[in-house]
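Overview (structure and organization)
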Amino acid sequence: RGIMSETFGQMLERVGRTDKHTRHRYGLIYEQWFTPFRDNPIRILEVGVAMFGGGSLLVMAEYFPNAIIYGADVDLSKVCQEVRDHSRIHLIEHDAYADSFPQSLGTVPFSIIIDDCYHQPEFQTRLARMLRPLCGGFYVIEDCHTECWNRDRMRELWAMGWRHTLIDVSREECWDDVLIRLDPV
């Protein structure tokens, strides 16, 4: 089986250096969401990439052969050399919650934005609000805690101009396996 026929989840397993398909089970969901964009010349942003070395950026660069991938984190010292050397991966060292963060990304919208940053709703909603003008496709909040995402929090997202879909794949050993997909209204 060739590399191009691998699913997103299989690539996550092979490349490693991410928890998106080990601790969390996002591979199948991302496969469904990403497939329509796979061969398109798009821009992708993931915020919060350094903890495991940036492996998810390598997977995205392989899965999306025509995409430009941006990875942002407050400290990029843990990002592996393979990520740093990749011609289609651009790293941005910046505090994602600083008011200046959106300006550090430029003005061209991203087709896909993934928030894998600080996993607390008040920070997740702040980042969604800040990056809303830069979203030209959809936005994903990873590792949500279901007990923190109540109806009022969802109404807050709607008021920002987002329609949400909550996907809960949590299980006993991993209770924060919830993704929220936001689409511009």
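Residues numbered from 1 in each chain as written. Predicted model: local features only at pLDDT ≥ 70, side-chain atom pairs only at ≥ 80, totals over all residues. Heavy atoms only, no water.

**A few points about helix H3 (residues 55-63)**
Of all the nine residues making up H3, eight are buried; the element is thus mostly covered by neighbouring parts of the structure. Here H3 has its buried residues at Gly-55, Ser-56, Leu-57, Leu-58, Val-59, Met-60, Ala-61 and Tyr-63. (Buried < 20%, exposed > 50% of the residue type's maximum accessible area, 1.4 Å probe, protein only. Helix = DSSP H or I, 4+ residues; strand = E, 2+ residues; numbered from the N terminus.)

**Describing the packing of helix H6 (residues 121-131) against helix H7 (residues 151-159)**
One way to put it is that H6 packs onto H7 with a least axis distance of 10 Å and a crossing angle of 10 degrees. Classified by the angle between their axes, H6 and H7 sit roughly parallel to one another. Facing Pro-121, Glu-122, Thr-125, Ala-128 and Arg-129 of H6, the residues of H7 in contact are Arg-153, Glu-156 and Leu-157. Tallied by class, the residues present in the contact of H6 with H7 amount to three nonpolar, one polar and four charged. (Axes fitted to C-alpha atoms, helices over the stretch in contact; angles between N-to-C directions. Parallel < 35°, antiparallel > 145°, perpendicular 65-115°, else oblique. Contact = heavy atoms within 4.5 Å. Nonpolar A, V, L, I, M, F, W, Y, C, P; charged D, E, K, R; others polar.)

**A word on the pairing of strand E2 (residues 68-73)**
Along E2, five of the six residues are buried, which leaves the element largely enclosed by surrounding structure. As defined by bridge partners, strand E1 (residues 43-47) adjoins E2 across five bridges and the pair is classed as parallel. Across the sheet, residue Leu-45 finds its bridge partner in E2, namely Tyr-70. Where E2 and strand E3 (residues 89-93) come together, five bridges link them in parallel fashion. The partner of Asp-73 across the bridge, within E3, is Glu-93. (Pairing = 2+ DSSP bridges.)

**Description of the nonpolar core**
In summary, soluble globular proteins display a tendency toward joint burial of nonpolar side chains. Tyr-30, Phe-34, Phe-64 and Ile-112 are the most contacted members of the largest nonpolar core, which totals 32 residues. Counting residues per element, the ones that place at least two in this core are helix H1 (8-15), helix H2 (27-34), H3, strand E4 (110-115) and strand E5 (135-141). Element by element, the count of residues in this core is highest for H3, at six residues. Of all hydrophobic cores here, the second largest spans 26 residues; its members include Leu-45, Met-130, Leu-131 and Cys-135. (Core = buried A, V, L, I, M, F, W, Y, C linked by side-chain atoms within 4.5 Å.)

**Quick notes on the pairing of E5**
With six of its seven residues buried, E5 lies for the most part within the structure. Relative to E5, E4 runs parallel, the two sharing five bridges. Bridging from a neighbouring strand, Ile-114 pairs with Val-140 of E5. What joins E4 to E5 is H6, and the crossover it makes is right-handed. Pairing of E5 with strand E7 (residues 178-184) involves three bridges; the strand directions are antiparallel. Pairing of Ile-141 across the sheet is with Ile-180, part of E7. (Right-handed = clockwise from strand over helix to strand, strands pointing away.)

Coordinates in, geometry out; function isn't part of it.
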